[in-house]
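# Geometric and topological summary
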Amino acid sequence: MFPEYDIIVVGAGHAGCEAAAAAAKMGSKVLLVTMNMNTIAQMSCNPAMGGIAKGQIVREVDALGGMSGIIADQSMIQFRMLNKSKGPAMWSPRTQNDRMRFAEAWRLALEKTPNVDFWQEMVSEIIVQDGRAAGVKTGMGLEIRSKAVILTNGTFLNGRIHIGEKKFGGGRTGEKSATGLTEQLVALGFEAGRMKTGTPPRVDGRTLDYRKMEEQPGDEQPGKFSFLDTTQPLQQQKSCYITYTNERVHQILAGGFGQSPMFNGDIQGQGPRYCPSIEDKITRFADRERHQIFVEPEGWNTVEIYVNGFSTSLPESVQYKALQAIPGFERAKMFRPGYAIEYDYLPATQLQSTLETYLIANLYLAGQINGTTGYEEAACQGLLAGINAHQKVQERAPLVLSRADAYIGVLIDDLTTKVTNEPYRMFTSRAEFRILLRQDNADLRVTPIGHQLGLATDERLQKVQAQKRATAHLLEALKMWKLTPALINPKLDQLASAPIQEKQSVYQLLKRPELSMEVLGAMDEALEQYLQKYSQVVLEQAEIQLKYERYLQKEKELAEKAQRLEAYRLPVDFNYDRIRALSTEATEKLKKIRPATLGQASKISGVSPADVSILMVYLGR
């Protein structure tokens, strides 16, 4: 019934979709197996993409040749660039999306992708032969053969939903959980654990009083995720709104704690620290009189509203009563209650930096099964798993992005070298080279890598090369363009900026934080006309490069130093026990995590600089 596939992808969430699309575009024959064809690329939680650090990941996925940025652009209803008041390393794009259009766009894109087949059924077992993944068995007993398997099961592995004292199996509301896989993987020697996440209630937007809330419109000049010109910024946007909880809301919620699975011991899994439930918030931050609630539309034409910031597993009656105590929600009608969900995951320290498991060759894991949270974190793992599974099948070199290459490299390095017992979320603070890893230069950093793999198109590479040339040309021109004291000193005085004593280049003047190309252009008509020859992207890129020149150079030097440690490869079967000079803790951690390089080893908790030096000497021998 089935041919032998190159790759089988299990699960069609954000990780699975990226994995299938990437591997298929690179030439692999792919089967995407999902329990429900109607929920491909479902936005299970909030209808949004990007955000702090997450927006950088989406742009990197796009720059490599992935699809998430394009799909987000096609379905967005609002665009905002977060943290614009801070430096460019902190700028993070975010879109509010139409939930139904997002899923539809992903499914249509996959259906138009040659080499992708679909099958709707639950996978209950991995076929393992000679220590490698060789296909899957389904709930109906079908055997489908492949050369590699990618598991992207999300929250479906033995998923259990909690609403108050009610609990039932499910991977998402209205959908059954996946069983059998965890048990097999544990029997094969994998370590498994439980994690918890949750979602808020959805309400009828027609029953809300927006006059009592703060409007949160999109950017006046909206941007987009994809570097390609095939998607366009929005001409019209939908607003979100902000309201707040209060003491009355907190009292109602606390009154339901006796029936809360969070407090009565029903939930054992660890929840996300940085996206806590409303029960967690009012307990951990008892001194806070109120908490923000973001009122987010689910799409262009639906009245359904996502109540961001009100994730809860309390009984539905308590949820409903507490909601109606929030300003603007006095007459709110609830479409469906919030709930918590527990699910199985496999600690990612059992994975190589390619996302292939150590125990079973040609078996890759991506997404929430690795202990992460968030669409964006899942998407980038799926992309890398799809790329590396294809490369393995074709007997080609894998792709491993370093911490200096991309946020994706930071995420995978963190997952595979650090033990985490709570859902992992990306932040800009996790990246030590974040001035290099900005959202604006993701294409400059990783599109050449994607093109070399055959994933990013010629069009993408040509656009990057043209941008690099234009930026370099502009920077050289700004070094030569001089402005006189007589021309600009009166205007500098108005800006409380120090006057110049002699002619000074625009390049040097732009080092001043209070000056920008737009401001200097207004001082010199000829300069303003010259700058109009360049695109906004080139102007922004040039200004960032010259303003942060010294900091960028310093980070490059630090990154190069770190890269030198990455050059020391550690074999998977390296025998750490025979190096008696290593500390006992280091030996235990190195044997468990099996870092691929000395650089990875240096970041493992319990491996000291002295241990790294000992390894370096040993490898040198």
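See above for the structure.
Residues numbered from 1 in each chain as written. Predicted model: local features only at pLDDT ≥ 70, side-chain atom pairs only at ≥ 80, totals over all residues. Heavy atoms only, no water.

## Details of the overall build of the protein chain
Summing up its helical and strand segments, the protein chain has 21 helices and 22 strands in all. For the protein chain, the C-alpha radius of gyration of 26 Å lies close to 25 Å, the compact-globule estimate for 621 residues. Dimensions of the protein chain, computed from C-alpha atoms along their principal axes, come out at roughly 80 × 75 × 50 Å. A buried classification covers 58% of the 621 residues belonging to the protein chain. Of all intrachain contacts in the protein chain linking residues separated by at least 6 positions in sequence, the fraction that spans at least 24 positions is 72%. Computed over 74 positive and 71 negative side-chain charges, the inter-centroid distance for the protein chain is 1 Å. (Helix = DSSP H or I, 4+ residues; strand = E, 2+ residues; numbered from the N terminus. Rg over C-alpha atoms; globule rule 2.2 N^0.38 Å. Buried < 20%, exposed > 50% of the residue type's maximum accessible area, 1.4 Å probe, protein only. Contact = heavy atoms within 4.5 Å. Lys, Arg positive; Asp, Glu negative; His and termini not counted. Charge placed at Lys NZ, Arg CZ, Asp CG, Glu CD.)

## Looking at the pattern of salt bridges
On inspection of all chains with the given rule, the structure shows 34 salt bridges. Linking Arg403 and Glu432 is a salt bridge whose minimum nitrogen-to-oxygen distance equals 2.9 Å. Of this pair, Arg403 sits in the loop between helix H9 (375-393) and helix H10 (407-417) while Glu432 sits in the loop between H10 and helix H11 (442-453), and the two are 29 residues apart along the sequence. Arg403 gets classed as buried once you look at its relative accessible area, which sits at 9%. Overall, the relative accessible area of 38% leaves Glu432 in the partly exposed class. Across the pair Asp413 and Lys603 runs a salt bridge, and its minimum N-O distance is 3.6 Å. With Asp413 in helix H10 and Lys603 in the loop between helix H20 (598-602) and helix H21 (609-620), this pair connects stretches of sequence that are 190 residues apart. (Salt bridge = Lys/Arg side-chain N within 4 Å of Asp/Glu carboxyl O.)

## As for the environment of Phe433
In this structure, Phe433 sits in the loop between H10 and H11. Taking the C-alpha atoms as reference, Phe433 lies 43 Å from Phe329; in sequence the two are 104 residues apart.

## Observations regarding the packing of aromatic side chains
Applying the stated rule across the entire model yields seven aromatic pairs. Taking the centre distance of 5.5 Å and the plane angle of 40° together, the rings of Trp481 and Tyr530 count as tilted. With Trp481 in the loop between helix H12 (458-480) and strand S21 (482-483) and Tyr530 in helix H16 (residues 525-531), the pair connects residues that are 49 residues apart, well separated along the chain. The exposure class assigned to Trp481 is partly exposed, which follows from its relative accessible area of 23%. (Phe/Tyr/Trp six-rings, centres within 6.5 Å; stacked < 30°, edge-to-face > 60°.)

## A few points about the state of the cysteines
Throughout the structure, instances matching the rule amount to zero disulfides. Cysteine Cys17 is unpaired, with the sulfur of Cys380 as its nearest cysteine sulfur at 15 Å. Given a relative accessible area of 0%, Cys17 falls into the buried group. By relative accessible area, Cys380 is classed as buried at 0%. (Disulfide = S-S within 2.5 Å.)

## Here we look at the nonpolar core
Ranked by size, the top nonpolar core spans 101 residues in total, and within it Ile7, Trp106, Leu151, Leu363, Leu384 and Ile408 carry the most contacts. Of all the elements, H9 adds the most residues to this core, at nine residues. Here Leu363 is in contact with Ala133, Val149, Leu151, Leu185, Phe190, Leu355, Glu356 and Thr357, once residues within four sequence places are set aside. Listed in part, the 24 residues of the second largest apolar core include Leu515, Tyr534, Ala542 and Leu546. (Core = buried A, V, L, I, M, F, W, Y, C linked by side-chain atoms within 4.5 Å.)

## Things to note about the sheet that holds strand S10 (residues 160-163)
On the basis of which strands lie adjacent, the open sheet formed by four strands has the order S11-S10-S19-S12 and antiparallel pairing. Of all the strands in the sheet, just strand S11 (166-169) and strand S12 (193-199) have a single pairing partner and so form its edges. When the angles between neighbouring strand axes are averaged without regard to direction, this sheet yields 25°. Of the pairings in the sheet, the one linking S10 to S11 comprises four bridges and is antiparallel in character. Bridge assignment links Arg160 to a residue of S11, and that residue is Gly169. (Pairing = 2+ DSSP bridges. Axes fitted to C-alpha atoms, helices over the stretch in contact; angles between N-to-C directions.)

## So, the sheet that holds strand S3 (residues 48-50)
The three strands are arranged S3-S5-S4 in an open sheet whose pairing can be described as antiparallel. Here the strands that pair on one side only, and so sit at the sheet edges, are S3 and strand S4 (76-82). Taking the axes of each pair of neighbouring strands and ignoring which way they run, one obtains an average angle of 15° across the sheet. Across three bridges, S3 lies against strand S5 (residues 92-97) in antiparallel orientation. The residue of S5 that forms the bridge with Met49 is Thr95.

## Here's the deal with the side chain of Asp413
On the accessibility criterion, Asp413 (6% relative accessible area) is buried. Not counting residues up to four positions away in its chain, the partners in contact with Asp413 are Arg403, Lys418, Gln600 and Lys603.

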